[in-house]
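Each chain, letter by letter, is given below.
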Amino acid sequence: MYFKLKRGEYIVIFEGEKNNELEKIIENINDSTIKFKSKNAYVVSCLQNGIVIGNGKGKTTVNIYKGEERIKKIRVIVLPG
């Protein structure tokens, strides 16, 4: 589930869940220069096609880069499954 709040953008998922909300957030997701990096892979894995996978409960950030420039920061909350 995606939320855009005054404090930032959030995705909330459950452990073990796959989520493709990044496809809706990033317009040119198929651009080969777009890269996704999870700050904590124990909480969230991020595939380069924009799928986020909840690995374990907690909070982390997924940074989205176009080339070397960070274009967006998404906070991800993973709830117990």
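Here, the structure is the one placed above.
Residues numbered from 1 in each chain as written. Predicted model: local features only at pLDDT ≥ 70, side-chain atom pairs only at ≥ 80, totals over all residues. Heavy atoms only, no water.

### Notes on the overall build of the chain
Heads up, the rule is: Where helices and strands are cited, they refer to DSSP runs of H or I of at least four residues and of E of at least two residues respectively, numbered from the N terminus. To get the radius of gyration, use the C-alpha atoms; to get the globule rule, take the number of residues to the power 0.38 and multiply by 2.2 Å. Under the scheme applied here, a residue whose accessible area is under 20% of the maximum for its type counts as buried, over 50% as exposed, and between as partly exposed, the area being computed with a 1.4 Å probe on protein chains only. With residues, only the protein chains shown are counted as cover, and all accessible areas are computed by Shrake-Rupley using a 1.4 Å probe.
Check the secondary structure of the chain and you find 1 helix and 8 strands. When the helices and strands of the chain are placed in sequence order, the string is β-β-β-α-β-β-β-β-β. Computed over C-alpha atoms, the radius of gyration of the chain comes to 12 Å, within 12% of the 12 Å expected from 2.2 N^0.38 for 81 residues, which places it in the range of a compact globule. Projecting the C-alpha coordinates of the chain onto the three principal axes gives extents of approximately 35 × 25 × 20 Å. Counting over 81 residues, the chain shows a buried share of 36%. Accessible surface, the chain as shown: approximately 5,400 Å² in total, 50% of it carbon and sulfur.

### Digging into the sheet that holds strand β5 (residues 44-46)
For clarity, the threshold we go by: We call two strands paired when DSSP finds no fewer than two bridges between them.
Overall, antiparallel pairing links the 3 strands, which are arranged β3-β6-β5 in an open sheet. The sheet terminates laterally at β3 (18-19) and β5, the two strands that pair on one side only. Sheet analysis places β5 next to strand β6 (residues 52-54), joined by 3 bridges and oriented antiparallel. By the bridge assignment, Ser45 is partnered in β6 with Ile53.

### A look at the packing of aromatic side chains
Given two aromatic rings, their pairing is described by the distance between the two centres and the angle made by the two planes. Threshold: Any Phe, Tyr or Trp ring, taking Trp's six-membered ring, that has another such ring centre within 6.5 Å forms a pair; planes under 30 degrees apart are called stacked, those over 60 apart edge-to-face, and the others tilted. Only when the NZ atom of a Lys or the CZ atom of an Arg is both within 6 Å of the ring centre and within 35 degrees of the ring normal do we say a charge sits over the ring.
If you walk through the whole model with that rule in mind, you get 0 aromatic pairs. A cation over an aromatic ring shows up here: Lys37 above the ring of Tyr65, its NZ or CZ 5.2 Å from the ring centre.

### Structural notes on the nonpolar core
Rule in force here: To form a nonpolar core, buried Ala, Val, Leu, Ile, Met, Phe, Trp, Tyr and Cys residues must be joined to one another through side-chain atoms within 4.5 Å. What makes two residues a contact is simply this: any of their non-hydrogen atoms within 4.5 Å.
In terms of nonpolar packing, the biggest core is built from 16 residues, with Leu22, Phe36, Val62, Ile64 and Val76 touching the most fellow members. If you list the elements that add at least two residues to this core, you get β2 (8-14), α1 (21-25), β4 (34-38), β5, β7 (58-66) and β8 (69-79). The leading source of residues in this core is β8, at 3 residues. Setting aside anything within four residues of it in sequence, one finds Ile64 in contact with Leu22, Ile26, Ile34, Lys35, Phe36, Glu69, Arg70, Ile71, Lys72 and Ile74.

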